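Here is how the chains run, residue by residue.
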Amino acid sequence: MHAGARLLAVGVPIAGAPVGRVTDTPRYRRLERRYGAMITGQEISGCHVHVGVPDREIAVQVSNHVRPWLPALLGLTANSAIHRGRDTGFASWRAVETSRWPCAGPPPVWTSAAEYDAAVARMIECGTVLDEDMVYWDIRPSAHLPTLEVRVSDVPATVNETALLAALVQALVSASVRAVQAGVPAPRVPGRLLRMAYFRAAREGLAGRWLGRPAQAAAPGARSVRRIPPRGQAAGPSAQWGERSRRAAGPLAAAPGRA
């Protein structure tokens, strides 16, 4: 039957009653027993971008370099303003929902892969997280792939916006790999400033004024996106995507707000 409706990807349910149950698998049942309503009430959809890196040691160093850009990626993709029929007042309500977890948001600055692994092991040992898959930091070495995983974004509304996000993340990771290999230190942005930047990006989305890199002074969202470094002189489609993503940031800035 024709209902006059269209499918739209969004970061949280825009209508309907809460489901209130989890997927019926042993792992999710364990999560439900341990974390209660934090699990049964979490109905979100994000977009996780994986980029291949040479090894885990470089992965954690690249994480330090990309970390200050996470609020810009959140603001760019904010796509969850309506939750269960209510205007939340935030461009990304998904970011608010996920912030409840103790290992969500921007990660610390790491000195080595060993320090990262030790931090994860401590969280598992003390019961803060169930396993490595529950490490919800917005950038992390993948637990099962040779990649760095950037997971800060709402699911974008369209395929084109998803491709743009992937291109921007690839550009950031590629530029950061070069910086790590050249011995360039990562910006030391305090966690409290990143949290402030996250709030502005989640509250206002692309149309707002974020705390721009290095997360210290307010700047229009579109200007922060245009500062993302290109992939560089590498050949092939990836380099072309890096340049196309920078050109696309202008039109996106003028786009109407998304659900």
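Look up a bit, the structure's there.
Attention here is on the structure that accompanies the text. (Residues numbered from 1 in each chain as written. Predicted model: local features only at pLDDT ≥ 70, side-chain atom pairs only at ≥ 80, totals over all residues. Heavy atoms only, no water.)

## Brief notes about the overall build of the protein
Then, in step 1: In terms of regular secondary structure, the protein is built from ten helices and seven strands.
Then, in step 2: Here the protein, with 259 residues, has 47% of them falling under the buried criterion.
Then, in step 3: Of the roughly 12,800 Å² of accessible surface on the protein, a fraction of 56% belongs to carbon and sulfur atoms. (Helix = DSSP H or I, 4+ residues; strand = E, 2+ residues; numbered from the N terminus. Buried < 20%, exposed > 50% of the residue type's maximum accessible area, 1.4 Å probe, protein only. Areas by Shrake-Rupley, 256 points an atom, 1.4 Å probe, with all protein chains shown as cover.)

## Let's talk about the nonpolar core
A general trend in soluble globular proteins is that nonpolar side chains are found buried together.
Then, in step 1: Membership of the largest hydrophobic core comes to 32 residues, with the highest contact counts inside it found for Leu73, Val169 and Val173.
Then, in step 2: Among the elements of the structure, β1 (46-52), α3 (56-66), α4 (70-77), α5 (93-98), β5 (147-154), α7 (159-181) and α8 (191-204) are those that each provide at least two residues to this core.
Then, in step 3: Per-element accounting of this core gives the leading share, seven residues, to α7.
Then, in step 4: Once residues lying within four places of it in the same chain are set aside, the contact partners of Val169 are Val49, Val51, Leu73 and Val150.
Then, in step 5: By size, the runner-up hydrophobic cluster in this structure holds 20 residues, among which are Trp101, Cys103, Ala104 and Tyr136. (Core = buried A, V, L, I, M, F, W, Y, C linked by side-chain atoms within 4.5 Å. Contact = heavy atoms within 4.5 Å.)

## Digging into α3
Then, in step 1: For α3, a buried count of eight out of eleven residues is recorded, marking the element as mostly surrounded by other parts of the structure.
Then, in step 2: Among the structural elements, α4, α6 (113-125), β4 (139-141), β5 and α7 are those in contact with the buried residues of α3.
Then, in step 3: Two to three positions downstream of the cap, the backbone nitrogen of Glu57 sits 3.1 Å from a side-chain oxygen, assigning the N-cap of α3 to Asp55. (Polar contact = N/O pair within 3.5 Å; in protein donor to acceptor, adjacent residues only side chain to side chain.)

## Points about the environment of Pro156
Then, in step 1: Within the secondary structure, Pro156 sits in the loop between β5 and α7.
Then, in step 2: In the structure, Pro156 is positioned 145 residues away from Gly11 in sequence and 7.9 Å away in space, judged by C-alpha atoms.

## Description of the sheet that holds β4
Then, in step 1: Overall, antiparallel pairing links the three strands, which are arranged β1-β5-β4 in an open sheet. The outermost strands of the open sheet, each flanked by one partner alone, are β1 and β4. Adjacent strand axes in the sheet meet at a mean angle of 25 degrees when their direction is disregarded.
Then, in step 2: One ladder, built from three bridges, connects β4 with β5; its direction is antiparallel. Residue pairing across strands places Pro141 opposite Leu148, the latter belonging to β5. (Pairing = 2+ DSSP bridges. Axes fitted to C-alpha atoms, helices over the stretch in contact; angles between N-to-C directions.)

## Points about the packing of aromatic side chains
Then, in step 1: All told, the structure shown has seven aromatic pairs when counted by the stated rule.
Then, in step 2: Ring centres of Trp110 and Tyr116 lie 5.2 Å apart, and the angle between their planes is 85 degrees; on these two criteria the pair is classed as edge-to-face. Residues Trp110 and Tyr116 agree in their burial class; the two are buried.
Then, in step 3: Counting every residue linked through ring pairs, the aromatic cluster contains Tyr35, Trp101 and Tyr136.
Then, in step 4: Geometry around Tyr28 places Arg27 over its ring, the cationic atom sitting 5.9 Å from the centre. (Phe/Tyr/Trp six-rings, centres within 6.5 Å; stacked < 30°, edge-to-face > 60°. Lys NZ or Arg CZ within 6 Å of the ring centre and 35° of its normal.)

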